[in-house]
Amino acid sequence: MADNKNQGGFNQLPEIHNKSLRGPQHLSEHADFITSQPSEIKSIKDGKAAAAEGPKDKLEYDPQYILQVRDLKKHFPIKDGMLGRVSGYVKAVDGVTFNLKRGTTMGLVGESGCGKTTTGRAILRLSGEKTAGDVLFNGKEVYDLTKKELHDARTKMQIIFQDPFSSLSPRMPVGEIIGEAVREHNLVPKAEFNDYIDDIMDKCGLQPFHKDRYPHEFSGGQRQRICIARALALNPEFVVCDEPVSALDVSIQAQIINLLEDRQEQFGLTYLFISHDLSVVEHISDTVGVMYLGNLVEYGETEDIFRNPLHPYTKALFSAIPVPDPTVKMKRIVLEGSIPSPANPPEGCKFHTRCAQCMERCKHEVPVQREIEPGHFVVCHLFDDAAEA
């Protein structure tokens, strides 16, 4: 009986196999399932393809700018289910455009989650491939560089991460942390390596005997100095400073800011300074960009932006700056409504759901960047007539 059962079981296998491999006839039965995709999935694919095309004309290099960014987009896919089907995209950076002159500092401000850090990482090509746009560093498209060219370019582009403790390896002494990339890129002869590291540490306020210590043995300010020393050890031209003083007390903040300014003056560095502290941004920056939900809504010289903010969001943001005078009455602009999701941003102007000056066209038309004053750009329908005039 057992043999007969086994025999019957094996006899059924070819029949099952034939059912699963019926070829074109089997596919034709399911043609409707294969060809009829949900409209939302199709639109997502079409949108991604359109975004990948980007601007048609090539961005021309201007030698006065070390960095030129045009319509930069970085979208992250949202995957659902066991098969990981893409159901949407988080539009972390959704069309950022600006130019950065050599030897200057650009401040990038905005609410948490608006895409400041992702913008910095996308510029350095640290977040995978871009979705669309152009990023020119010294006239070369960063995303067109070969693996070897990108490896060589890493010495010219560096980043100071927001959290110094998590960005430092706990298993390596400070001397190795600072010198690892120097050794990788063969910047100095082996015989001069230790003296070179000592010199970099001294310029960043660290002592030579700190080389043998580990990150957990330092204070927050000292760890941030280590991160700065690691970035400057490669003689970069451009540094992304991702909130380098946000976790430090005021006295240590002043030391780190002064250190960055001294190194900029000494080496001619160019900074992209990302911060929530508007007072620090006003002090250190030559130009300022204001971000909201993945877009740069206002951009210009620091003096112009703080003297005459144009965009309603910029005005609300700057109204939160505390004034150290108890006799001054603050005119705080409180934004109503919740922050929209970057995965499902509102139609038209992204800020219209929270804007007190919202017009009907703001709900349907996407505003474009307009130059209201020389070097002062804003993305808002309120200034459409002013720009045309």
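Residues numbered from 1 in each chain as written. Predicted model: local features only at pLDDT ≥ 70, side-chain atom pairs only at ≥ 80, totals over all residues. Heavy atoms only, no water.

Chemist: Provide a residue-level description of the overall build of the chain, including the pertinent values.
Modeler: For the chain, the helix and strand inventory stands at 14 helices and twelve strands. When burial is assessed residue by residue, the chain has 44% of its 389 residues classed as buried. Long-range pairs, those at least 24 residues apart, make up 63% of the contacts in the chain between residues at least 6 apart in sequence. By element, 52% of the accessible surface of the chain is carried by carbon and sulfur atoms, the whole surface being about 21400 Å². (Helix = DSSP H or I, 4+ residues; strand = E, 2+ residues; numbered from the N terminus. Buried < 20%, exposed > 50% of the residue type's maximum accessible area, 1.4 Å probe, protein only. Contact = heavy atoms within 4.5 Å. Areas by Shrake-Rupley, 256 points an atom, 1.4 Å probe, with all protein chains shown as cover.)

Chemist: How would you sum up the confidence of the model for the chain? Please name residues and give values.
Modeler: Detailed reading of the predicted coordinates is not advisable wherever pLDDT is low. Looking at the chain, pLDDT values average 84 and 85% of them are 70 or higher. The low-confidence segment residues 1–55 (pLDDT under 50) makes 20 contacts with residues lying over four places distant or belonging to another chain. (pLDDT = per-residue confidence, 0-100.)

Chemist: Hey, could you go over the sheet that holds strand β12 (residues 376–379) for me, with residue numbers and the actual values?
Modeler: Read across the sheet, eight strands follow the order β6-β7-β8-β3-β9-β10-β12-β11 without closing on themselves; strand pairing throughout is mixed. The sheet is open, and its two edges are formed by β6 (157–160) and β11 (369–373), each paired on a single side. Looking at each pair of strands side by side, their axes are set apart by 20 degrees on average, direction ignored. Across the sheet, helix α10 (residues 250–267) is in contact with β3 (105–109), β6 and β8 (270–274); its angle to β8 comes to roughly 155 degrees. (Pairing = 2+ DSSP bridges. Axes fitted to C-alpha atoms, helices over the stretch in contact; angles between N-to-C directions.)

Chemist: Please provide a residue-by-residue account of the environment of V379, values included.
Modeler: Checked against the element boundaries, V379 lands in strand β12. Residue classification places V379 among the buried residues on the basis of a relative accessible area of 16%. Here the alpha-carbon distance between V379 and H311, two residues 68 residues apart in the chain, equals 7.4 Å. Ignoring any residue separated from it by four or fewer positions in sequence, one finds V379 in contact with L296, V297, H311, P367, V368 and Q369.

Chemist: I'd love a proper account of the packing of helix α7 (residues 174–184) against helix α9 (residues 220–232), names of residues and values included.
Modeler: The geometry of α7 relative to α9 is characterised by a closest axis approach of 8 Å and an angle of 25 degrees between their N-to-C directions. Here α9 runs roughly parallel to α7, going by the angle between their axes. Read as a crossing pair, α7 and α9 show a hand that is right-handed. Contacts between α7 and α9 involve V174, I177 and I178 from the first element and I226, A229 and R230 from the second. Looking at side-chain class alone, the contact of α7 with α9 contains five nonpolar, no polar and one charged residues. (Parallel < 35°, antiparallel > 145°, perpendicular 65-115°, else oblique. Left-handed = near helix turned anticlockwise from the far one by under 90°. Nonpolar A, V, L, I, M, F, W, Y, C, P; charged D, E, K, R; others polar.)

Chemist: Outline a nonpolar patch on the surface, supporting the account with residue identities and numerical values.
Modeler: Judged by side-chain polarity, V323, V328 and M330 come together as a nonpolar surface patch covering roughly 220 Å² of accessible area. Along the chain, the position of V328 falls in the loop between α13 (312–318) and β11. (Patch = residues over 30% accessible without salt bridge, like charges linked within 9 Å, V, L, I, M, F, W, Y side chains within 5 Å. Salt bridge = Lys/Arg side-chain N within 4 Å of Asp/Glu carboxyl O.)

Chemist: How would you summarise the packing of aromatic side chains if you had to cite specific residues and measurements?
Modeler: Within a pair of aromatic rings, the relevant descriptors are the distance that separates the centres and the angle that separates the planes. Tallied over the entire structure, the rule returns seven aromatic pairs. Ring centres of Y292 and F351 lie 5.1 Å apart, and the angle between their planes is 85 degrees; this geometry places the pair in the edge-to-face category. Taken together, the positions of Y292 in strand β9 (residues 287–292) and F351 in the loop between α13 and β11 put the pair 59 residues apart, joining distant regions of the chain. Assessed through its relative accessible area of 2%, Y292 is described here as buried. Measuring from ring centre to ring centre gives 5.6 Å for Y313 and F351, while their planes differ by 70 degrees; the resulting arrangement is edge-to-face. Residue Y313 is located in helix α13, and its partner F351 is located in the loop between α13 and β11; the two are separated by 38 residues in the primary sequence. Using a relative accessible area of 1% as the deciding quantity, one classes Y313 as buried. (Phe/Tyr/Trp six-rings, centres within 6.5 Å; stacked < 30°, edge-to-face > 60°.)

Chemist: Run through the pattern of salt bridges, naming residues and quoting values.
Modeler: A full pass over the atoms with the stated rule returns 14 salt bridges. The partner of K350 in a salt bridge is D94, with the nearest N and O atoms 2.8 Å apart. A residue pair is termed long-range when its members are at least 10 positions apart, and K350 in the loop between α13 and β11 and D94 in strand β2 (residues 85–101) qualify at 256 residues. Overall, the relative accessible area of 11% leaves K350 in the buried class. Classification of D94 as buried rests on a relative accessible area of 16%. Residues participating in the shared-partner salt-bridge network are R361, E365, R370 and D384.

Chemist: How would you explain the pairing of β9 if you had to name every residue and give the values?
Modeler: Along any regular strand the residues' side chains alternate between the sheet's two faces. For β9, a buried count of six out of six residues is recorded, marking the element as mostly surrounded by other parts of the structure. Along β9, one buried face is formed by T287, G289 and M291 and the opposite face, lined by V288, V290 and Y292, is buried too. Sheet topology note: the β3/β9 ladder contains four bridges and is parallel. Of the residues in β9, the one forming a bridge with V109 is V290. Pairing between β9 and strand β10 (residues 295–301): six bridges, direction antiparallel. Note that in β10 the partner of T287 across the bridge is E301.

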